[in-house]
Structure formats: structure tokens, C-alpha cells
Amino acid sequence: MNGKKKYLGISLIVVSIVLLICAFYNGLVVKKYIITSDKLKAGESIRIVLIADLHSHIYGKGQNRIVSLIKKQNPDIIALAGDIADDEVPIEGTEQFLEGLRGFAPIYYVTGNHEFWSRDIKNIKDTIGKYGVIILENEYREVRVKNMEIIVGGIDDPDVARYEKTGFDLKREMDNNFLELTDKSGFKILLAHRPELIEVYKNYSFDLVLSGHSHGGQARIPFILNGVFSPNQGWFPEYAGGEYRHDSLTHIVSRGVSFNPRLPRIFNPPEVVVVDIEGMGAQ
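Predicted model only: the values in this text are computed from it and were never measured. (Residues numbered from 1 in each chain as written. Predicted model: local features only at pLDDT ≥ 70, side-chain atom pairs only at ≥ 80, totals over all residues. Heavy atoms only, no water.)

Asker: Please explain the overall build of the protein chain as it appears in this structure.
Answerer: Check the secondary structure of the protein chain and you find eight helices and 14 strands. Computed over the C-alpha atoms, the radius of gyration of the protein chain is 20 Å, within 12% of the 19 Å expected from 2.2 N^0.38 for a compact globule of 283 residues. Projecting the C-alpha coordinates of the protein chain onto the three principal axes gives extents of approximately 75 × 50 × 35 Å. Taken over 283 residues, the protein chain has a buried fraction of 52%. Expressed as a percentage of contacts within the protein chain between residues at least 6 apart in sequence, the contacts between residues at least 24 apart total 71%. Total accessible area on the protein chain stands at roughly 13,700 Å², and carbon and sulfur atoms take up 54% of it. (Helix = DSSP H or I, 4+ residues; strand = E, 2+ residues; numbered from the N terminus. Rg over C-alpha atoms; globule rule 2.2 N^0.38 Å. Buried < 20%, exposed > 50% of the residue type's maximum accessible area, 1.4 Å probe, protein only. Contact = heavy atoms within 4.5 Å. Areas by Shrake-Rupley, 256 points an atom, 1.4 Å probe, with all protein chains shown as cover.)

Asker: Any chance you could explain a nonpolar patch on the surface here in plain terms?
Answerer: On the surface, a nonpolar cluster with roughly 430 Å² of combined accessible area is contributed by I221, F223 and I224. Within the element layout of this structure, I224 appears in the loop between β9 (208–211) and β10 (229–230). (Patch = residues over 30% accessible without salt bridge, like charges linked within 9 Å, V, L, I, M, F, W, Y side chains within 5 Å. Salt bridge = Lys/Arg side-chain N within 4 Å of Asp/Glu carboxyl O.)

Asker: Hey, could you run me through the sheet that holds strand β14 (residues 271–281) in this one?
Answerer: Adjacent strands of a sheet pair through backbone hydrogen bonds, lying either parallel or antiparallel. Taken in spatial order, the six strands line up as β1-β14-β2-β3-β4-β5 in an open sheet, and their pairing is mixed. Strand pairing shows two members of the sheet lacking a second neighbour, β1 (29–41) and β5 (134–135), which therefore form its edges. Direction of pairing for strand β2 (residues 45–51) relative to strand β3 (residues 77–81): parallel, over a ladder of four bridges. Bridge assignment links I51 to a residue of β3, and that residue is L80. Against the sheet, helix α2 (residues 64–72) makes contact with β1, β2, β3 and β14, and its axis sits at roughly 10° relative to β14, the strand it touches most. (Pairing = 2+ DSSP bridges. Axes fitted to C-alpha atoms, helices over the stretch in contact; angles between N-to-C directions.)

Asker: What exactly am I supposed to notice about the sheet that holds strand β8 (residues 187–191) here?
Answerer: If you walk across this open sheet you meet the six strands as β6-β7-β8-β9-β13-β12, and the pairing is mixed. Each end of this open sheet is capped by a strand with a single partner; those strands are β6 (139–145) and β12 (242–246). Across the sheet, the mean angle separating the axes of adjacent strands is 20° when strand polarity is ignored. In the sheet, strand β7 (residues 148–154) pairs with β8 via five bridges, with the strands oriented parallel. Pairing of V152 across the sheet is with I189, part of β8.

Asker: Help me understand the layout of surface pockets, please; the structure alone is not making it clear to me.
Answerer: A probe matching the size of a water molecule, rolled over the atoms, marks out where space remains unfilled. Here the largest pocket defines a volume of roughly 680 Å³. If you trace the largest pocket, you find 28 residues lining it, with H55, H114, H215, S258 and N260 closest to the centre. Ranked by the residues each element gives to the lining of the largest pocket, the list is headed by helix α4 (residues 113–117), at three residues. For the lining of the largest pocket, the residue count by class is eight nonpolar, twelve polar and eight charged. (1 Å grid on protein atoms, 1.4 Å probe; cavity = no way out; pocket = protein on both sides within 12 Å on 5 of 7 lines; lining within 4 Å. Points joined across faces, edges and corners; volume = space filled by probe spheres on them. Nonpolar A, V, L, I, M, F, W, Y, C, P; charged D, E, K, R; others polar.)

Asker: I would appreciate a short explanation of the packing of α2 against helix α3 (residues 92–101) in the present structure.
Answerer: Think of two packed helices as two axes; the pair is described by the angle between the axes and how far apart they sit. As a packed pair, α2 and α3 sit with axes 9 Å apart at the nearest point and diverge in direction by 35°. As α2 runs across α3, the sense of the crossing is right-handed. Taken together, the residues of α3 that come into contact with α2 (itself represented by I66, V67, I70 and K71) are F97, G100 and L101. Among the residues making up the contact of α2 with α3, the classes are represented as five nonpolar, one polar and one charged. (Left-handed = near helix turned anticlockwise from the far one by under 90°.)

Asker: Just to check I follow, could you spell out the pairing of β2 for this structure?
Answerer: Each regular strand carries side chains that alternate between the two faces of the sheet. Most of β2 is tucked away, with five of its seven residues classed as buried. With six bridges connecting them, β2 and β14 associate as antiparallel partners. Note that in β14 the partner of L50 across the bridge is V273. Taken together, β2, α2 and β3 constitute a β-α-β crossover, and its handedness is right-handed. (Right-handed = clockwise from strand over helix to strand, strands pointing away.)

Asker: Mind showing me how you'd approach empty space enclosed by the protein here?
Answerer: Summed over the entire model, instances satisfying the criterion amount to one cavity of 30 Å³ or more. Taken as a whole, the largest cavity encloses approximately 30 Å³ of empty space. I155, D156, D157, P158, L170, A192, H193, R194, L197 and Y201 together form the lining of the largest cavity. Tallied by class, residues from the lining of the largest cavity come to six nonpolar, one polar and three charged.

Asker: What is the right way to look at the pattern of salt bridges in this model?
Answerer: Opposite charge on two side chains permits pairing when their charged atoms draw close. The tally for this structure, following the rule as stated, stands at 16 salt bridges. One salt bridge connects K146 with D76, and the closest N-O pair in it is separated by 3.5 Å. Linking K146 in the loop between β6 and β7 with D76 in the loop between α2 and β3, this pair joins segments that are 70 residues apart in sequence. For D157, the salt bridge goes to R194, with nearest N and O atoms at 2.7 Å. With D157 in the loop between β7 and α6 (159–164) and R194 in the loop between β8 and α8 (198–201), this pair connects stretches of sequence that are 37 residues apart. Residue class for R194 comes out buried when judged on its relative accessible area of 7%. Within this structure, K125, E137 and D156 form a network of salt bridges that share partners.

Here is the structure:
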């Protein structure tokens, strides 16, 4: 009996240690999603790497760990969904990140709230732009990827109104810049930092919306609770991270790649998101 109790005690200790290691693991992971579309022909595909909420965090010398992981995914497009720079952390981490990816694949960027909180948004955009990044400011681009026509749009973070005094209104900007997409063919992607505003985004003709901002709800309980708390969503956020469907629209929310040891992520490691869009249309 004593032997059985001893074995049980050791087993519980081992399980507890494993759970703690898993819970507080903060290394980068890759999260993959596959979506299908008849706007691409069968056999065609596009791969997007989504990065959000870097907050200038540094992963190794010259950002080698995160840059090499992104390159390993061999993306056709890299989408930066806001808070790539920060209002408190020096911008060097952002510059190292973009220098490492310069010329590797087309990069599209939209602002997040922290870039506006810096009160230095012009310098941040100028810095990001000098690495060849395409900055989307309430606009879209029609581009060809592997001989496929797609549309990539982006909307500024709503805090532009608070910090830049622009009179920004999200619905008005969406109406002015994206209603016309209804008459355009091609797979349509929107980069928008805040996932909780999906009720606005879904009124337009986008096939895919890519967001961040939620930081995965900071803490999770696997298979039970997807997130505990997220900015602008509060407790038990609906859009903490993952894939969400709204009729024909797919919404993918990154859990972000930043890590702050003062605010640990629990069962919520920083993630590099890979989105494969696979065609199912007629040849």
C-alpha cells in the first residue's frame, strides 16, 4: 500500500511539473489554419504569415529566432496586424525584425493602438516604411500573388481619432474606402487590429479578416476557457484568439508574439500564425 501511495505521489508531482512547464512556456509556436475558397482555382494556394502585437519584443540576436521561423513557413505574404512597435519599448526590436524580413516576401502593415499611444506615429510609420513595408491607411491594394488576383485592405486603429485628432469614424472610413469592393472580383483580405469590431468589418465584401490586439486573453484553460481578459473586450473575451466564422467571412485572431515576464501568458504561448488559402474553384 505504501508503495502504491509513493508511486501515486511521484506521479502527481511529475504531472504537476509538466503542467507548470506547459502553462508558462513562452517560446514561439506556429499555429496553422486552412481555409478554402472558390475564388481560387482548385490546386491554387496562397500562404500568409500573420504577425500581431510584437511590441518591439526581441527574440534573439537580430531577431533571428522569429525571423527564421517566419522564413521557414515560406509565406507568399506577411501581414502585420498592428502593435508591431510600442509606446514604451524602444523601436529597435521592430527595426531588427523588419530588417531580417526585408525583401523576403511582400509585407503589409496596419497600425495598432500602441503605435498611436506613442504620440510618435509619423516616425513609426516612416521607420516601418523604409524597410519596404506597404502601410495600409484605410485603403486597399490589388495585387498578384503567384498569378492570382487578390485584394489586401487595411484600416487604421480607431485610436487615431484620440491621438491624432482626425475625426476618424470607423464605419465612415469603411464605407468610403471598401464599399466599392463589392463590384470587384478576387479574394479579399482585411487587416484590422481590433477583433471586437468584427460586427463592422463583416458588412463589407471581405473573405478574410486578420486581427490581433487580444493577446490570447492572456491566460487560458485548454478545452475549457479560450481567454480570461483582453483589451476592449474585458473578462472572458469572445475573440481571444483563433478562427471564427461569420457566414462566408473567416476571421482569424492572432494571440500575438510579445512576451512580458511581468504579465506571464498561461497556456498561451506567443504564436506565429500561418494561414493557407486553398482554391476549390473551377479550373
